[in-house]
Amino acid sequence: MKSYQNPKGTYDVRPDMAAKYQQLEGILESIAHFYGYEEIRTPIFEDTGVFKRENDSSDMVNKEMYTFSMNGKDSFTLRPEGTAGVVRSYVQNKYYALADQPVKMYYYGPMFRHEHPQKGRYRQFEQFGIESIGAKSPMLDAEGIALGYSMIKALGLKNVRVRINSLGDDESRKNYREKLAAYFRPHIHELCTDCQRRLEQNPLRILDCKVDADHPVMKDVPLISDSLNEPSKAYFKEVLDCLDALEIPYVIDPKLVRGLDYYTDTVFEVENITGNAGAQATVFAGGRYDGLVSYFGGPDVSGFGFAMGMERLIMLAEDEGTKLDEMPKTEVYVMSLGNVGTKPLEIATECRALGYITDFNYASRSLKSQFKTVERSGAKVAVIIGESELADNKINIKNNRTKEQITVSLDEFADALDRIMEEENEENSL
Ligand code: HAM
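Residues numbered from 1 in each chain as written. Predicted model: local features only at pLDDT ≥ 70, side-chain atom pairs only at ≥ 80, totals over all residues. Heavy atoms only, no water.

Peer 1: Which parts of the structure should I look at to understand the overall build of the protein?
Peer 2: Looking only at helices and strands, the protein has 14 helices and 16 strands in total. Relative to a compact globule of 430 residues, whose C-alpha radius of gyration would be 22 Å, the protein shows 28 Å and is clearly more extended. A principal-axis box enclosing the C-alpha atoms of the protein has dimensions of 95 × 60 × 45 Å. Counting the 430 residues in the protein, one finds 50% classified as buried. Once local pairs closer than 6 in sequence are excluded, the contacts in the protein between residues at least 24 apart make up 71%. Accessible surface for the protein amounts to roughly 21400 Å². Of this, 51% is attributable to carbon and sulfur atoms. The protein carries 52 positive and 68 negative side-chain charges, and their two centres are separated by 6 Å. (Helix = DSSP H or I, 4+ residues; strand = E, 2+ residues; numbered from the N terminus. Rg over C-alpha atoms; globule rule 2.2 N^0.38 Å. Buried < 20%, exposed > 50% of the residue type's maximum accessible area, 1.4 Å probe, protein only. Contact = heavy atoms within 4.5 Å. Areas by Shrake-Rupley, 256 points an atom, 1.4 Å probe, with all protein chains shown as cover. Lys, Arg positive; Asp, Glu negative; His and termini not counted. Charge placed at Lys NZ, Arg CZ, Asp CG, Glu CD.)

Right, here's the structure in full:
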């Protein structure tokens, strides 16, 4: 017999953890709806070209993608992130032709990167992301950051820091790349082989190299802020003004470039500055992308978005004492005694239709053991179906807190149950 383990860098969401994911998804979705975002679901794999775009120099694209082919011809890749698939869908479905832009979408689900697994970093991980595509305004950048910020506040994260920078427009980045290349060229043989490739392909990537991060040459690198042209500077200032107006604290980090190639103008990362996320403290991150929609054959419109790592969110929320697994519990438990046929199932279904989370007894068990189940479930009400009462079309309802029990006709059952539940809910809210 063979025994298997889950692949390295993955994990099982066991039933006790699933409750936390469900709760987290519910919180994030409701806040996204509040900001006018609607859900989009794109495939978990796409044509490799959706992610591996021409001249892409990022590690994610060049080193970390799970790429496969089923017939030796087509190449597919498990999505390493959500943005590219959402933009592909925006273009394919001609969302750009909708009268109201931007189109605001959120998504969540598994992403795949062949990274070195460690605490808070996995090969299959869950992201919750938003994309607002089809318009460009500093207000949208700030609103997007505010949305993410309100999500992590809702989860009880207190010690977070927004780091923000601008990569400017095409002209500014071209200037900057030239400056950086000239700066690094004399030292290039002291840097890692990846950085030697990066110098030619995109010297910006040298700035987020983990191998060379502590090399002395990194200390005095030219900063992008000195290469921004006037329109880019003005745009960035407006984004910061909006954040000030929203009272979102941030620090400008002139060295922040982000690890993906598609960003233009605003880039940001939000990290937790205490807690046990260790080196993986970035909770959510994103920015603006001007060229991605047109790359996929759409019009020259811009997008903005971010994604958050759900495992990190859960870990940090729990550190702060937020109880994600306090899911709604059974409210009504339907007990049965004697030969009552399918009535427990029918009554449980009726209770659920009335809006109560309901469970029921389906085996022949003593009343004592069923009452124990009621206690364990925390149900507010026990409905007791007895063979002799049922013959008279009657049923018992017991308030589990006051221990009061009443017998009502089946016709009166729904009203009586509603009344007791209402009283209990009032009692609980006192
Ligand atoms: P990213 O910075 O690559 O950006 O990932 C966003 C977040 O996903 C990270 O801040 C982190 O919380 C989480 N994350 C990334 N990799 C891992 C991993 N291996 N294990 C656990 N969590 C991870 C993006 O993915 C962009 N698509 C964000 C974006 C949306 N930009 C514009 N729109």
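The structure having been displayed, the exposition proceeds.
Peer 1: What am I meant to see in the pattern of salt bridges here?
Peer 2: This structure, assessed with the given rule, holds 30 salt bridges. Asp16 is paired through a salt bridge with Arg14; the nearest N and O atoms lie 3.6 Å apart. With a closest N to O distance of 3.8 Å, Asp56 and Arg53 form a salt bridge. Classification of Asp56 by relative accessible area gives buried; the value is 7%. Judged by relative accessible area, which is 9%, Arg53 ranks as buried. (Salt bridge = Lys/Arg side-chain N within 4 Å of Asp/Glu carboxyl O.)

Peer 1: For this particular structure, what's the right way to read the site of the ligand?
Peer 2: In the vicinity of the ligand, 26 residues are found, and the nearest of them are Glu81, Thr83, Glu115, Tyr122 and Tyr263. Between Tyr262 and the ligand, the recorded distance is 3.0 Å, taken from a side-chain N or O atom to a nitrogen atom. Contact between the ligand and Val283: an oxygen atom at 3.2 Å from a main-chain N or O atom of the residue. Coverage of the ligand by the protein amounts to 95% of the 660 Å² it exposes when considered alone. Of all elements in the fold, only strand S6 (124-133), strand S10 (282-289) and strand S11 (303-309) reach the threshold of two or more residues within the shell around the ligand. Take the shell around the ligand: its biggest share by element is seven residues, from S10. Considered class by class, the residues forming the shell around the ligand number eleven nonpolar, eight polar and seven charged. (Near = heavy atom within 4 Å. Polar contact = N/O pair within 3.5 Å; in protein donor to acceptor, adjacent residues only side chain to side chain. Nonpolar A, V, L, I, M, F, W, Y, C, P; charged D, E, K, R; others polar.)

Peer 1: Even after reading the chapter, I still don't get the sheet that holds strand S4 (residues 76-78), so can you show me in this structure?
Peer 2: One open sheet accounts for three strands, arranged S2-S4-S3; its pairing is antiparallel. The sheet terminates laterally at strand S2 (45-47) and strand S3 (67-68), the two strands that pair on one side only. Bridging between S3 and S4 involves two bridges; their strand directions are antiparallel. The partner of Thr67 across the bridge, within S4, is Thr77. (Pairing = 2+ DSSP bridges.)

Peer 1: Explain the pairing of strand S5 (residues 103-112) here, please?
Peer 2: Successive residues of a regular strand alternate their side chains across the two faces of the sheet. For S5, a buried count of nine out of ten residues is recorded, marking the element as mostly surrounded by other parts of the structure. Summarising the sheet, strand S1 (residues 38-39) and S5 pair through two bridges and their orientation is parallel. Bridging from a neighbouring strand, Glu39 pairs with Tyr106 of S5. Sheet topology places S5 next to S6; ten bridges connect them, and they run antiparallel.

Peer 1: Whenever I open this one, the nonpolar core confuses me. Can you help?
Peer 2: Nonpolar side chains tend toward joint burial in soluble globular proteins. Ranked by internal contacts, the top residues of the largest apolar core, which has 46 residues, are Ile133 and Phe184. Of all the secondary structure elements, the ones that give two or more residues to this core are helix H2 (48-51), helix H3 (59-63), helix H4 (83-92), S5, S6, helix H6 (170-184), helix H7 (193-201) and helix H9 (292-295). Considering every element that reaches this core, the biggest residue donor is H4, with five residues. In contact with Phe184, not counting residues within four places along its chain, are Leu191, Leu199, Pro203, Ile206, Leu207, Val217, Met218 and Val221. One finds Ala32, Tyr106, Leu240 and Leu313 within the second-largest nonpolar core, a separate group that totals 41 residues. (Core = buried A, V, L, I, M, F, W, Y, C linked by side-chain atoms within 4.5 Å.)

Peer 1: Just to check I follow, could you spell out the sheet that holds S6 for this structure?
Peer 2: In any sheet, the strands associate via hydrogen bonds between backbone groups, in a parallel or an antiparallel arrangement. Read across the sheet, eight strands follow the order S1-S5-S6-S11-S10-S9-S7-S8 without closing on themselves; strand pairing throughout is mixed. On the outer flanks of this sheet lie S1 and strand S8 (250-252), each paired with one strand and no other. Against the sheet, helix H1 (residues 15-34) engages S1, S5, S6 and S11, with an angle of about 160° to S5. (Axes fitted to C-alpha atoms, helices over the stretch in contact; angles between N-to-C directions.)

Peer 1: Help me out: how do you make sense of helix H8 (residues 230-245) in this one?
Peer 2: Since the α-helix turns once every 3.6 residues, residues separated by three or four places project in the same direction. Spanning 16 residues, H8 covers 22 Å between terminal C-alpha atoms, matching the ideal 22 Å at 1.5 Å per step. Looking at H8, one finds that the buried residues are Ser232, Tyr235, Phe236, Val239, Leu240, Cys242 and Leu243. Angular distribution of buried residues about the axis of H8 spans 155°; they occupy a single face of the element. In H8, the exposed positions that point more than 90 degrees away from the buried face belong to Glu230, Pro231 and Ala245. Turning to H8, the residues buried within the fold contact helix H5 (138-154), strand S7 (160-166), H6, S8, strand S9 (264-272) and S10. (Expected span 1.5 Å × (residues − 1). Arc of directions from axis to C-beta.)

Peer 1: What should I look at first to understand the state of the cysteines in this one?
Peer 2: Throughout this description, disulfide means a covalent bond between two cysteine sulfur atoms. The tally for this structure, following the rule as stated, stands at zero disulfides. Residue Cys195 stays outside any disulfide, its sulfur separated by 3.6 Å from that of Cys209, the closest cysteine. (Disulfide = S-S within 2.5 Å.)

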